[in-house]
Amino acid sequence: MKTNLITPEGFDKLTKELNYLWREYRPEITKKVAWAASLGDRSENADYKENKRLLRQIDSRVRFLRKRIEALNVIHHKPEQNGKIFFGAWVEIENDDNATKHFRIVGPDEIYGRKDYISIDSPMARALIKKEVDDEAIVQTPTGPQTWYINSISYT
């Protein structure tokens, strides 16, 4: 099950995508469909078929975004969270092999296309929540437990 949490930045991104699809992209494709339909025989009209397919994809994404945005809970950073890892935190961790990772803990809707974001639903994020700098977190992985040490936490 996906968590319904999102950062203000993630919420803005989804809202912008919805507005773009609904107010700009869909009307543009609708004009192309109308133009292609006016040419006559639709059964062999590649422009018509392709743009109708695009329109179905746009409508599907718009429906998804509307439902998802309504269900989301925007989480704002609170000053009393400083020093501990919570939703929205940028974290740097290190393991015994001196391998380091730097990422932000965000909602599942925000991780796509970003290598430096992890979902709050991931085992890593779950293990890090409420930890402080110099704490250790034990993350359950398919190959067994791994220990990570928290080097830094920030919310900017």
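So, here is what we can say about the structure in this document. (Residues numbered from 1 in each chain as written. Predicted model: local features only at pLDDT ≥ 70, side-chain atom pairs only at ≥ 80, totals over all residues. Heavy atoms only, no water.)

Right, let's talk about the overall build of the protein for a bit. A count of helical and extended segments in the protein gives 3 helices and 7 strands. The order of helices and strands in the protein, counted from the N terminus, is β-α-α-β-β-β-β-α-β-β. The C-alpha atoms of the protein give a radius of gyration of 22 Å, which is well past the 15 Å a tight globule of 156 residues would have. In the protein, which comprises 156 residues, the proportion classed as buried is 36%. When contacts within the protein are restricted to residue pairs at least 6 apart in sequence, long-range pairs at least 24 apart make up 56% of them. Considering the protein, the positive charge centre built from 26 side chains and the negative charge centre built from 24 side chains are found 9 Å apart. (Helix = DSSP H or I, 4+ residues; strand = E, 2+ residues; numbered from the N terminus. Rg over C-alpha atoms; globule rule 2.2 N^0.38 Å. Buried < 20%, exposed > 50% of the residue type's maximum accessible area, 1.4 Å probe, protein only. Contact = heavy atoms within 4.5 Å. Lys, Arg positive; Asp, Glu negative; His and termini not counted. Charge placed at Lys NZ, Arg CZ, Asp CG, Glu CD.)

Another aspect to go through is the sheet that holds strand 7 (residues 144-154). In space, the 5 strands of this open sheet follow the order 5-4-3-7-6, with mixed pairing throughout. For this open sheet the edge positions go to strand 5 (117-119) and strand 6 (136-141), each flanked by a neighbour on one side alone. Taken pair by pair, the neighbouring strands of this sheet meet at an average axis angle of 45 degrees, ignoring direction. In terms of strand pairing, strand 6 meets strand 7 through 6 bridges, oriented antiparallel. Directly across from A137, in strand 7, lies its bridge partner W148. (Pairing = 2+ DSSP bridges. Axes fitted to C-alpha atoms, helices over the stretch in contact; angles between N-to-C directions.)

With that out of the way, let us pick up the layout of surface pockets. Considering only enclosed or pocket space, the largest pocket measures out at about 280 Å³ in volume. As for the largest pocket, its lining consists of 17 residues, and the residues nearest its centre are G10, K13, L14, D109 and E110. Elements represented by at least two residues in the lining of the largest pocket include exactly helix 1 (8-37) and helix 2 (46-71). The residue makeup of the lining of the largest pocket, split by class, is 6 nonpolar, 2 polar and 9 charged. (1 Å grid on protein atoms, 1.4 Å probe; cavity = no way out; pocket = protein on both sides within 12 Å on 5 of 7 lines; lining within 4 Å. Points joined across faces, edges and corners; volume = space filled by probe spheres on them. Nonpolar A, V, L, I, M, F, W, Y, C, P; charged D, E, K, R; others polar.)

What follows deals with the nonpolar core. I85, V91, I93, F103, I105, M124 and L128 are the most contacted members of the largest nonpolar core, which has 19 residues in total. Elements represented by at least two residues in this core include exactly strand 3 (90-95), strand 4 (100-106), helix 3 (123-128), strand 6 and strand 7. Residue contributions to this core peak at 4 residues, all from helix 3. Residues within four places of I93 in sequence aside, it is in contact with A99, T100, K101, F103, M124, L128, W148, Y149, I150 and N151. Counting 16 residues, the second largest nonpolar core, distinct from the first, contains L18, A36, Y48 and I69. (Core = buried A, V, L, I, M, F, W, Y, C linked by side-chain atoms within 4.5 Å.)

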